[in-house]
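Commentary on secondary and tertiary structure
The residues making up each chain are set out below.
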Amino acid sequence: MVPRAPGSQSGGIGSPACHRGSVEAGSTAPDTSVPAYRLPPVNVARNIERRLERLVEGLAGRVFRGPLHPVEMGARLVREADLALRQTRAGPVAPNVYVIHVNPADLGQSALPEGLAIELAAYVEQTAADRGWRLDGPAAVHLELDGGTPAGAIRCRTEVSPGLLPVWGFLSGSSNEFALRHNRVTVGRSLDGDLVIDNPRVSRVHALLWRESGAVWVADAGSANGTAVDGVLIDGPAMLAQGSVVSFASVAFTYRKA
């Protein structure tokens, strides 16, 4: 039996306290005509808490002496990302670049701790994978000391900056293989999609494929000829395991992890 879970749609609520840059060319365009399947979060809060604990136990926890703690910084990063989500035909897209201003009084030294920005960027990428957010480029966090920022607070600017992402999986067909890079991937005949299949039985926007809650999922996007996993037509999100065969109309691929 194909593992399934109910789909839902979600987005940010309210207005962020940071300034957001304009969306750059090449990012996913809004399109509400395709259902942006999402899953209820499963153990996401627990996973985030564990990563923040590791962040504190590592390099960052030793240098912050003011009211702003690395746990709070990480939590605020996620909050800013959630508030800045854009709904697109691929689903929710989060900013991948964060410029954070902190007061020097929040540090126990005159310089920002080496490696903190890298850890926070990795934290953003893992959170995106947990929550099913799409990033259009690698996550980057830039920390800047700013005496004008109140102690214990942060100022943040977010941006979407398209760039080459690492491969996390593959779809292998009889004559070709697709590398999966974005956390949410549109599949179809349209040249504007992420995974383009040149076959008349495949709809222009045929399906969505994404990572969320520690698993890989696929859902049909209202195609004419359906999507199947291991020979079973699906009518909602279905989980892909290593070696699962996913078929878009009559075009079949085998999924494997990178």
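Residues numbered from 1 in each chain as written. Predicted model: local features only at pLDDT ≥ 70, side-chain atom pairs only at ≥ 80, totals over all residues. Heavy atoms only, no water.

Concerning the overall build of the protein chain
Just so we agree on the cut-off: Helix and strand labels come from DSSP, where a helix needs a run of H or I of at least four residues and a strand needs a run of E of at least two; each type is numbered from the N terminus. Burial classification: accessible surface area is computed with a 1.4 Å probe over protein chains only, and a residue below 20% of its type maximum counts as buried, one above 50% as exposed, and the rest as partly exposed. Residue contacts follow a heavy-atom distance rule, with two residues in contact if any of their heavy atoms lie within 4.5 Å. Only the protein chains shown count as covering a residue, and every accessible area follows the Shrake-Rupley method with a 1.4 Å probe.
Per the secondary structure count, the protein chain includes 3 helices and 17 strands. Of all 258 residues assigned to the protein chain, the portion counted as buried reaches 49%. Put simply, of all contacts in the protein chain between residues at least 6 apart along the chain, 67% involve residues at least 24 apart. With an accessible surface of roughly 12000 Å², the protein chain has 52% of that area assigned to carbon and sulfur atoms.

Comments concerning the sheet that holds strand S10 (residues 195-196)
Put simply, the rule is: Pairing between strands is defined by DSSP: at least two bridges between them are needed.
In spatial order, the strands read S10-S9-S11-S12-S15; together these 5 strands make up an open sheet with mixed pairing. Each edge of the sheet is formed by a strand with only one pairing partner; in this case those strands are S10 and strand S15 (238-240). Bridging between strand S11 (residues 207-212) and strand S12 (residues 215-220) involves 6 bridges; their strand directions are antiparallel. By the bridge assignment, leucine 208 is partnered in S12 with alanine 219.

Some words on the side chain of serine 247
Looking at the element boundaries, serine 247 is found in strand S16 (residues 245-248). Ignoring anything within four residues of it in the chain, the contact list for serine 247 reads Gly226, Thr227, Ala228 and Ala252.

Digging into the pairing of strand S17 (residues 251-257)
Inspection of the sheet shows strand S7 (residues 169-172) paired to S17 by 4 bridges, in the antiparallel sense. Bridge pairing in S17 places phenylalanine 170 opposite arginine 256. Two successive antiparallel strands, S16 and S17, enclose a turn made up of 2 residues, where alanine 249 displays a positive phi of approximately 60°.

Some thoughts on the pairing of strand S8 (residues 177-180)
Side chains of S8 alternate between two faces, with Phe178 and Leu180 buried and Glu177 and Ala179 left unburied. Pairing of S7 with S8, which is carried by 4 bridges, proceeds in the antiparallel orientation. Directly across from phenylalanine 170, in S8, lies its bridge partner alanine 179. Turn length for the S7-S8 hairpin, with the two strands adjacent in sequence and antiparallel, is 4 residues.

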